[in-house]
Amino acid sequence: MTGTNMRTTIHVGHSPDPDDAFMFYALAKDKIDTGDLEFHHTLQDIETLNRRALQGELELTAISVHGYAYVSNHYALLPCGASMGDQYGPMVVSTRPCSIEDLSGKKIAIPGTMTSAFLTLRLAIGEFEYEVVPFDEIIQAVESGRVDAGLIIHEGQLTYGDRGLHLVVDLGKWWFAQTELPLPLGVNAVRKNLGDQLNKAVCRLMKESIQFSLDHREEALEYALQYGRDLDRGRADQFVGMYVNDWTLDLGDRGRRAIELLLQKGVESGLLDTPVDIEFIEY
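Just so we're clear, the structure is a prediction, and the values are computed from it rather than from any experiment. (Residues numbered from 1 in each chain as written. Predicted model: local features only at pLDDT ≥ 70, side-chain atom pairs only at ≥ 80, totals over all residues. Heavy atoms only, no water.)

So, on to the packing of aromatic side chains. Under the counting rule described, the total for this entry stands at eight aromatic pairs. Between Tyr 25 and Tyr 223 the ring centres are 5.2 Å apart and the planes differ by 40°, which places this aromatic pair in the tilted class. One end of the pair, Tyr 25, is in helix 1 (residues 18-28); the other, Tyr 223, is in helix 9 (residues 217-224), and 198 residues separate them in sequence. Residue Tyr 223 is classed as buried on the basis of its relative accessible area, which comes to 11%. (Phe/Tyr/Trp six-rings, centres within 6.5 Å; stacked < 30°, edge-to-face > 60°. Helix = DSSP H or I, 4+ residues; strand = E, 2+ residues; numbered from the N terminus. Buried < 20%, exposed > 50% of the residue type's maximum accessible area, 1.4 Å probe, protein only.)

Attention shifts here to helix 12 (residues 252-268). Its 17 residues give helix 12 an end-to-end C-alpha distance of 24 Å, which sits within 8% of 24 Å, the value for a rise of 1.5 Å per residue. Restricting attention to buried positions, one finds in helix 12 the residues Gly 255, Arg 256, Ala 258, Ile 259, Leu 261, Leu 262, Leu 263 and Gly 266. Just downstream of helix 12, Gly 270 is the residue with a positive phi angle, here 80°. (Expected span 1.5 Å × (residues − 1).)

Under the defined criterion, the tally for this structure stands at 16 salt bridges. Its salt-bridge partner being Glu 59, residue Arg 191 comes within 3.6 Å of it at the nearest N-O pair. Residue Arg 191 is located in strand 12 (residues 183-191), and its partner Glu 59 is located in the loop between helix 2 (46-54) and strand 4 (60-64); the two are separated by 132 residues in the primary sequence. With respect to burial, Arg 191 and Glu 59 carry one shared label: buried. In this structure, the salt-bridge partner of Lys 200 is Asp 196, at a minimum N-O distance of 3.4 Å. Taken together, the positions of Lys 200 and Asp 196, both in helix 8 (residues 196-215) and four residues apart, correspond to about one turn of that helix. Take Lys 200: its relative accessible area is 28%, and that puts it in the partly exposed class. One connected set of salt bridges, linked through shared partners, spans Lys 107, Glu 131 and Arg 146. (Salt bridge = Lys/Arg side-chain N within 4 Å of Asp/Glu carboxyl O.)

A few words on the packing of helix 1 against helix 9. One way to put it is that helix 1 packs onto helix 9 with a least axis distance of 8 Å and a crossing angle of 115°. In this structure, the crossing between helix 1 and helix 9 has a hand that is right-handed. Here Pro 18, Ala 21, Phe 22, Tyr 25 and Ala 28 of helix 1 lie close against helix 9, whose contacting residues are Arg 217, Glu 219, Ala 220, Leu 221, Tyr 223 and Ala 224. The residue inventory of the contact of helix 1 with helix 9, partitioned by class, reads nine nonpolar, no polar and two charged. (Axes fitted to C-alpha atoms, helices over the stretch in contact; angles between N-to-C directions. Left-handed = near helix turned anticlockwise from the far one by under 90°. Contact = heavy atoms within 4.5 Å. Nonpolar A, V, L, I, M, F, W, Y, C, P; charged D, E, K, R; others polar.)

Their axes nearest at 7 Å, the elements helix 1 and helix 8 cross at an angle of 110°. The angle between helix 1 and helix 8 falls in the class roughly perpendicular. Facing helix 1, whose interface residues are Phe 22, Met 23, Phe 24, Tyr 25, Ala 26 and Leu 27, helix 8 presents Leu 205, Met 206, Ser 209, Ile 210, Phe 212, Ser 213 and Leu 214. Here the contact of helix 1 with helix 8 is composed, by residue class, of eleven nonpolar, two polar and no charged. (Parallel < 35°, antiparallel > 145°, perpendicular 65-115°, else oblique.)

In short, shape yes, function no, at least from these values alone.
What follows is the structure in structure tokens.
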């Protein structure tokens, strides 16, 4: 964190996908008054951001709920900015119709070992052989036969059918059947050492940015479209609607419970070593 002309710089990282771009539009394009805070944006895939969070590199970062389990000692979660899959979420797809049971012994491409998608799939099917592939190359890896199936996130959830691939399991539906809760995927985390006052200010501005985009949907969507690989405007609007909604403005009790339960089940299944002390910024 540095200061220039009495302004405090907040380095923020988020994914180069339409829903994150939509959320951060007002902050990225100076649409709201940030006072003495100046936000510098870095766009990287979620697994890279998860890894950077291990080092505490960014003051404000998008992070997987799974990834938060490893950085809760120096990051707190914002109650806004989350991506929750309400009976939809990351999907496993393959070139041939098959069932979730058929995944046993198959090699699955995953977008990263710290993603919530990976944790949820392990909860659903147990241990499996996997290969880490950049999220935007997973569909191609499935098509080429390099892997037997792929765990897709982001816009691939809307476009896999265009490529002739078949859905094996929607993890958001699987999770809801188990818990009757939305599947918590991505969250925003702020570094604790900024102090309570600054963290609350960052939290308020994040929520204001989300609200601005919801109130000015067309212009925010126009900005977000540049990050919608293979998505036309209609699908980009659909995708943003899936992951920027009431849950995003405020997690509420059910959203917080969903995060707690996913991490709790990770511990109970032996996929996480220790219980996670979840801390939310209250403002």
